[in-house]
Amino acid sequence: MWRRATLFLRVLEPPIHINASLSQTFTTGFPFHFQEKDGICPKPLITFVLGGPGSGKGTQCGKIVETFGFKHLSAGDLLRREMVSDSEYGSMIMNTIGEGRIVPSEVTVKLILREMESSDNHKFLIDGFPRSQENRIAFEQIIGAEPHMVLFFDCPEEEMVKRVLSRNQGRIDDNINTIKNRLQVFESLNLPVIDYYAKKGKLYRINAVGTVDEIFEHVRPVFEACEHEAR
Ligand SMILES: Nc1ncnc2c1ncn2[C@@H]1O[C@H](COP(=O)(O)OP(=O)(O)O)[C@@H](O)[C@H]1O
Ligand SMILES: O=c1ccn([C@@H]2O[C@H](COP(=O)(O)OP(=O)(O)O)[C@@H](O)[C@H]2O)c(=O)[nH]1
Ligand SMILES: [Mg+2]
């Protein structure tokens, strides 16, 4: 059904602009400044966590971190932190999030890369990113890595809207008007990314309806299998 929706909804993606200095710095591929452990530079294990606004990505990431010891990188949290810092991007990020649009890839990928480089954990849960095919391509180009697997929390719109409106975290985008835009952006820009990873055989679709613990019981075996595979 969502495939059909993507045909009708048109939201223009911003063009890709990886500025010269960034691309010069980061085109050598991963792991670039990745932290060594005991003289060894472990290969990063990257999981993307996708789903619409309010589908429970952040909540489930908390449980995955507790159980499987990943480093949680929420792209939205990184952008909000940048927004309230003295950054040159602050007002641009605030306007973009306030309208429910997507921040230019270059900015988001730079924030993600900074966190990855400073982490001593090599297992990353990247939450709420990539939100568009352009985001995905920028990540591949700048970081030079692909995810090992991709989780998709599949949740009906009605439930997502209900959860977002009762989230109560004082976010500028948790209001009914911005939610409408975010849902439209999700359908037109994020679903193609989900479709892309499904075709690559990397997607794990999780039914995101139920209690937090019930949903985690669907998530758990995915990571157990991944750990087993890594042994
Ligand atoms: N399974 C669930 N059932 C009911 N509420 C949930 C569930 N999972 C998360 N929530 C609540 O819904 C809101 C959105 O969850 P969150 O994890 O922030 O979603 P996302 O990161 O996908 O936007 C939060 O207030 C959270 O406490
Ligand atoms: O890679 C990202 C992640 C987030 N955002 C912006 O940040 C907002 C909030 O994202 P977050 O993942 O925190 O929202 P959630 O889906 O968890 O409600 C999004 O609507 C976008 O405006 C973005 O531009 N790029
Ligand atoms: Mg979130």
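Thresholds applied
Residues numbered from 1 in each chain as written. Chains lettered and ligands numbered in written order. Predicted model: local features only at pLDDT ≥ 70, side-chain atom pairs only at ≥ 80, totals over all residues. Heavy atoms only, no water. Helix = DSSP H or I, 4+ residues; strand = E, 2+ residues; numbered from the N terminus. Buried < 20%, exposed > 50% of the residue type's maximum accessible area, 1.4 Å probe, protein only. Areas by Shrake-Rupley, 256 points an atom, 1.4 Å probe, with all protein chains shown as cover. Near = heavy atom within 4 Å. Polar contact = N/O pair within 3.5 Å; in protein donor to acceptor, adjacent residues only side chain to side chain. 1 Å grid on protein atoms, 1.4 Å probe; cavity = no way out; pocket = protein on both sides within 12 Å on 5 of 7 lines; lining within 4 Å. Sits in = over half its atoms within 2 Å of the grid points. Nonpolar A, V, L, I, M, F, W, Y, C, P; charged D, E, K, R; others polar.

**Student:** Can you walk me through the overall build of the protein chain in this structure?
**Tutor:** Counting its secondary structure elements, the protein chain contains 10 helices and 5 strands. Counting only residues that meet the buried cut, the protein chain has 48% of its 231 residues in that class. Accessible area of the protein chain: about 12000 Å², with a carbon and sulfur share of 51%.

**Student:** Even after reading the chapter, I still don't get the site of ligand 1, so can you show me in this structure?
**Tutor:** Residues in contact with ligand 1 amount to 14 residues; listed here are only the nearest, Gly-54, Lys-57, Thr-59, Arg-167 and Gly-210. A distance of 2.8 Å is found between an oxygen atom of ligand 1 and a side-chain nitrogen or oxygen belonging to Arg-167. Within the complex, 75% of the 560 Å² of free accessible area of ligand 1 lies under protein. If you map ligand 1 onto the pockets, it falls in the largest pocket. Those elements that place two or more of their residues in the shell around ligand 1 are helix H3 (57-68) and helix H10 (212-230). Among the elements that line the shell around ligand 1, the one with the most residues is H3, at 3 residues. By residue class, the composition of the shell around ligand 1 is 3 nonpolar, 8 polar and 3 charged.

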